[in-house]
Amino acid sequence: MRFITLILRNLLRRRTRTLLTATGLAVAIASVLDLVGIASNFERSFLTIFAGKGIDLLVVRAGISNQLSSNLDQKLSDKLRGTEGVAQVAATLMDTVGFEEAGIASALINGWESGSLLFRGLRMLEGRAFERGEKNVAMLGRVLALNLGKKVGDKLDVAGEPFRVIGIYESDSLFDSGALVVPLATLQRMMGREGQVTGFVIQGRSSDSDAIATLRNRIEAETPGVAATPGRDYVQRDVQMRLARVMAWATTALALLLGSVGMLNTMIMAVFERTGEIGILRALGWRRLRVLELILGEALVLGLLGAALGMMLAVLGLRAVLLAPTARGFIDPHLPPAVLLLGLVLGVLLSVLGGLYPAIRAASLDPGEALRYE
């Protein structure tokens, strides 16, 4: 009998226990993959915005942890344009708005100036972008337009004000695709923040990292009270991003603890019930290492089975989350390959953590005592 066949037969002899243990591992692994995947997709989506628009620096009020809470004078754009090393500057005003009739509790609304570099990376599917002087007009991201059931020419109520949809666009960033864009002056009036913006995006004359670092220092020195941050640094320091990462890795630690305890319990019971069988194998000439490999092999197969089920549950779980209107446009249902690989790694780790002690215990059994155990 081949060694792997023996391992599989041992597991199939107790089908219910094997299935319950694998299912428990799968639920733990799926929870980790979903949270890590969502955090990873959030970060990637934000970074795509900066890369797609050619943004080198984001200028916001110093000391704030979220761009939505920033508040700067729009006139600073003229000073920033005159800073050595700056190629382009664009002002932006950001807020959130709800569309309760469509079940959307919060969607991002952007106030941009016509012709701004912020329009880069947006691909018009229908209609057009707004022009200078237009007021209550809106461009909808593809995902938001789908969720709202709107098309070009339709009317849209935004925070109690009537807007006309003039364009539908898509973007490589899920956040852009789930947002709407309106003229900056219109959003300023709606928010009661005339002449104010949440920040500025800057494209440098050179994309060299040293040149960007120099430009960053120059802006902060010449414009007190602001912080100029590269896109990647800003995303990594964002409070929501950090919170998502902490929650994901805390869940990973908890899953490892609970999963390894479940595996430990299953394998200890398996060794306890098969003490006589292990004694016979030892009496027939099996070395301690061979017994160790047998028990660890069973744990590894259980772990890999749990990982496979966990990856399937994670994919199905993300798609189930998207059934909620509040999640549409904010969660990417696709798990990156690196996250799926994490599921496989977790399965192996759980196998080792939960199976090592029972394997050592089984390998250390004295053949004579094990035979008398029955």
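Residues numbered from 1 in each chain as written. Predicted model: local features only at pLDDT ≥ 70, side-chain atom pairs only at ≥ 80, totals over all residues. Heavy atoms only, no water.

Annotation of the protein at the domain level lists domain 1 (3-45 + 241-373) and domain 2 (63-224). Between the C-alpha centres of domain 1 and domain 2 there is a distance of 46 Å. (Domains from an automatic or database assignment.)

With respect to the helices, strands and loops of the structure, T83 is situated in the loop between helix 3 (76-81) and strand 3 (86-99). Those residues in contact with T83 that sit more than four places away from it in its chain are L215, R218, I219 and E222. (Helix = DSSP H or I, 4+ residues; strand = E, 2+ residues; numbered from the N terminus. Contact = heavy atoms within 4.5 Å.)

Before going further, it helps to examine a nonpolar patch on the surface. A cluster of nonpolar residues, L300, L304, L341, L344, V345, V348, L349, V352, L353, L356 and I360, forms a patch on the protein surface that exposes about 860 Å² of accessible area. Per element, the largest residue contribution to the nonpolar patch is 9 residues, and it comes from helix 12 (residues 337-363). By the element assignment, L349 lies in helix 12. The partly exposed category is assigned to L349, whose relative accessible area is 38%. (Patch = residues over 30% accessible without salt bridge, like charges linked within 9 Å, V, L, I, M, F, W, Y side chains within 5 Å. Areas by Shrake-Rupley, 256 points an atom, 1.4 Å probe, with all protein chains shown as cover. Salt bridge = Lys/Arg side-chain N within 4 Å of Asp/Glu carboxyl O. Buried < 20%, exposed > 50% of the residue type's maximum accessible area, 1.4 Å probe, protein only.)

Taken as a whole and assessed by the stated rule, the structure comprises 2 aromatic pairs. Ring geometry for W112 and F119: centres 5.2 Å apart, planes at 80°, overall edge-to-face. On the accessibility criterion, W112 (3% relative accessible area) is buried. Taken together, a centroid distance of 5.4 Å and an interplanar angle of 75° make the contact between F119 and F130 edge-to-face. Placement of F119 in the loop between strand 4 (104-112) and strand 5 (123-127) and of F130 in the loop between strand 5 and strand 6 (137-141) is noted, with a sequence separation of 11 residues between them. A network of ring pairs unites the aromatic residues W112, F119 and F130 as a single cluster. Over the aromatic face of W286 sits the side chain of R290, whose NZ or CZ is 5.7 Å from the ring centroid. (Phe/Tyr/Trp six-rings, centres within 6.5 Å; stacked < 30°, edge-to-face > 60°. Lys NZ or Arg CZ within 6 Å of the ring centre and 35° of its normal.)

Let us now look at the pairing of strand 8 (residues 161-170). Of all 10 residues in strand 8, 7 are buried, a share of seventy percent or more. Bridge count between strand 5 and strand 8: 4 bridges; the pairing is antiparallel. What sits directly across from E126, in strand 8, is I168. In the sheet, strand 6 pairs with strand 8 via 5 bridges, with the strands oriented parallel. Residue pairing in the sheet places V137 in a bridge with R164 of strand 8. Two elements, strand 7 (residues 155-158) and strand 8, share 4 bridges in a ladder whose sense is antiparallel. Following the sheet pairing, D157 is matched in strand 8 by P162. Between strand 7 and the antiparallel strand that follows it, strand 8, lie 2 residues; A159 among them carries a positive phi value of about 50°. (Pairing = 2+ DSSP bridges.)

Another point: unusual backbone geometry. Backbone geometry at A159 places phi at a positive 50°, although glycine is not the residue there. Position of A159 relative to the elements: it lies in the loop between strand 7 and strand 8. When its relative accessible area of 59% is taken as the criterion, A159 is described as exposed.

Bringing the pattern of salt bridges into the picture now. Evaluated as defined, the whole model comprises 10 salt bridges. Between R128 and E134 there is a salt bridge; the shortest N-O distance is 2.8 Å. Judged by relative accessible area, which is 33%, R128 ranks as partly exposed. The residue R290 makes a salt bridge to E293 at a minimum N-O spacing of 3.6 Å. Here E293 and R290 lie together in helix 11 (residues 288-321), a separation of 3 residues that amounts to about one turn. Taking relative accessible area as the criterion, R290 reaches 36% and is therefore assigned partly exposed.

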